[in-house]
Amino acid sequence: MWPSLRCINCHAPAFYRRIYEGTTFCKACFREDIEEKIRRTITKYDLLRFDDHLAVAVSGGKDSLALLTMLKKIERRFPHAKITAITVDEGIDGYRAESMWLAQKTCRDLNVDHHKVGFQDLFGQTLDEIVKTHRELTPCSYCGVLRRRALQVAARDVGASKIATGHNLDDEAQTLLLNIFHGDVARIIRSGTILEGRNCGFLPRIKPASEILEQELALYAYTSGIEFQTTPCPYLAPALRNDMRQMLNKLEVKHPGTKFTVLRSIERIRSSMDKASFKTNYDHCSKCGEPSSGDFCEVCRILNKPPLPVSNE
Ligand code: SF4
Ligand code: ZN
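Note that the structure is a prediction, hence the values are computed from the model and not measured.

Caption draft 1: Quick look at the coordination of the zinc ion (ligand 2). Protein-derived coordination of the zinc ion (ligand 2) comes from Cys 285 (SG), Cys 288 (SG), Cys 297 (SG) and Cys 300 (SG), at a distance range of 2.3 Å. Coordination at the zinc ion (ligand 2) comes from four donor atoms whose angles at the metal span 105 to 115 degrees, giving a geometry best classed as tetrahedral. Summarised as a motif, the one-chain spacing of the donors to the zinc ion (ligand 2) is C-x2-C-x8-C-x2-C. Here Cys 285 is found in the loop between strand S11 (283-284) and strand S12 (291-292), whereas its partner Cys 297 is found in the loop between S12 and helix H12 (298-303), with twelve residues between them in sequence. Of the two residues, Cys 285 and Cys 297, neither departs from the other in class, the shared state being buried.

Caption draft 2: Region of the structure containing the site of ligand 1. Taken together, Leu 127, Cys 140, Cys 143, Arg 147, Cys 233, Tyr 235 and Leu 236 form the complete shell of residues around ligand 1. In terms of residues, the shell around ligand 1 owes the most to one element, helix H6 (residues 139-157), which gives three residues. The residue makeup of the shell around ligand 1, split by class, is six nonpolar, no polar and one charged.

Caption draft 3: Layout of the packing of aromatic side chains. Taken as a whole and assessed by the stated rule, the structure comprises four aromatic pairs. With centroids separated by 5.0 Å and ring planes inclined at 50 degrees, the aromatic side chains of Tyr 20 and Phe 260 adopt a geometry described as tilted. With Tyr 20 in the loop between strand S3 (16-18) and strand S4 (23-25) and Phe 260 in helix H11 (residues 258-272), this residue pair connects regions lying 240 residues apart in the sequence. What makes Phe 260 buried here is its relative accessible area of 13%. Between Phe 119 and Phe 123 the ring centres are 5.4 Å apart and the planes differ by 75 degrees, which places this aromatic pair in the edge-to-face class. Highlighted residues: Phe 119 and Phe 123, both in helix H4 (residues 119-123), separated by four residues, approximately one helical turn. One aromatic cluster is present, built from ring pairs that chain together Phe 15, Tyr 16 and Phe 30.

Reading the values: rules and limits
Residues numbered from 1 in each chain as written. Chains lettered and ligands numbered in written order. Predicted model: local features only at pLDDT ≥ 70, side-chain atom pairs only at ≥ 80, totals over all residues. Heavy atoms only, no water. Donors = N, O, S within 2.8 Å, 3.2 Å for Na, K, Ca; no water. Tetrahedral: all angles 85-135°; square planar, octahedral: opposite > 155°, others 65-115°. Helix = DSSP H or I, 4+ residues; strand = E, 2+ residues; numbered from the N terminus. Buried < 20%, exposed > 50% of the residue type's maximum accessible area, 1.4 Å probe, protein only. Near = heavy atom within 4 Å. Nonpolar A, V, L, I, M, F, W, Y, C, P; charged D, E, K, R; others polar. Phe/Tyr/Trp six-rings, centres within 6.5 Å; stacked < 30°, edge-to-face > 60°.

Spatial relationships are all this shows, so hold off on functional conclusions.
Next comes the structure, spelled out in structure tokens:
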């Protein structure tokens, strides 16, 4: 609480101070402001059609549950729209069960259909099993590729027209800087608040929370009484992204608004790039039939490498 400060809207005692804007809010006006930001992002990037069936990726964490709660409120104004929540069970012992339960509970409270999809069913093995025998990549790299596929398959199965994910401003700023570090121009062009995919056989992906700070999304979830998972995944390891997160957080404290500046800069760079020269032609994977830019899709490439011998230690 900031007792000496007042909410800029209703003049009640302030509860939150947004430093980069110099604004202060009471709890109710803060929540209303976050919801309005989501609505503005949706309008600005034309993320939703009146009759979209949105598959919302719900992990059970704060970002996805806050997004689902807000989209459900927005959906009420669109009688022809529909929302289905999708939770991917990677098969991580001691971790996924809690978040699955939390996702289920929120969906029940919000009256949203909940669809579950598991690595075991789709790929014949859990992430725990995959990382024991496949060690060329980090667990998160396997998880990321397989989860993207699982989401696409599940969203198609429920008849969705788009996939919404809970990526926030911090995620976006980190990813954009990581792409620059890796010199990954194609990814810089492909990333953004809306990722078109229809022409390549993928469902479009949208990120309505991409202009909201992670701490504000967490605060929204907390003040809305949303129960979310706080236990970190056991595979979460120190990686370049973590250093990027810490660096951006330090810069944000010293220079409020830095994360927005990164987002806006990349948007300008992206709009001035020659997209045609980075266009990827998609066909179908010779093994699984899913869209692929080469003979084999990324999922088949990473899973079909000969497994390493299991150690007897
Ligand atoms: Fe998957 Fe890595 Fe996230 Fe764990 S931390 S859920 S392994 S991406
Ligand atoms: Zn394939």
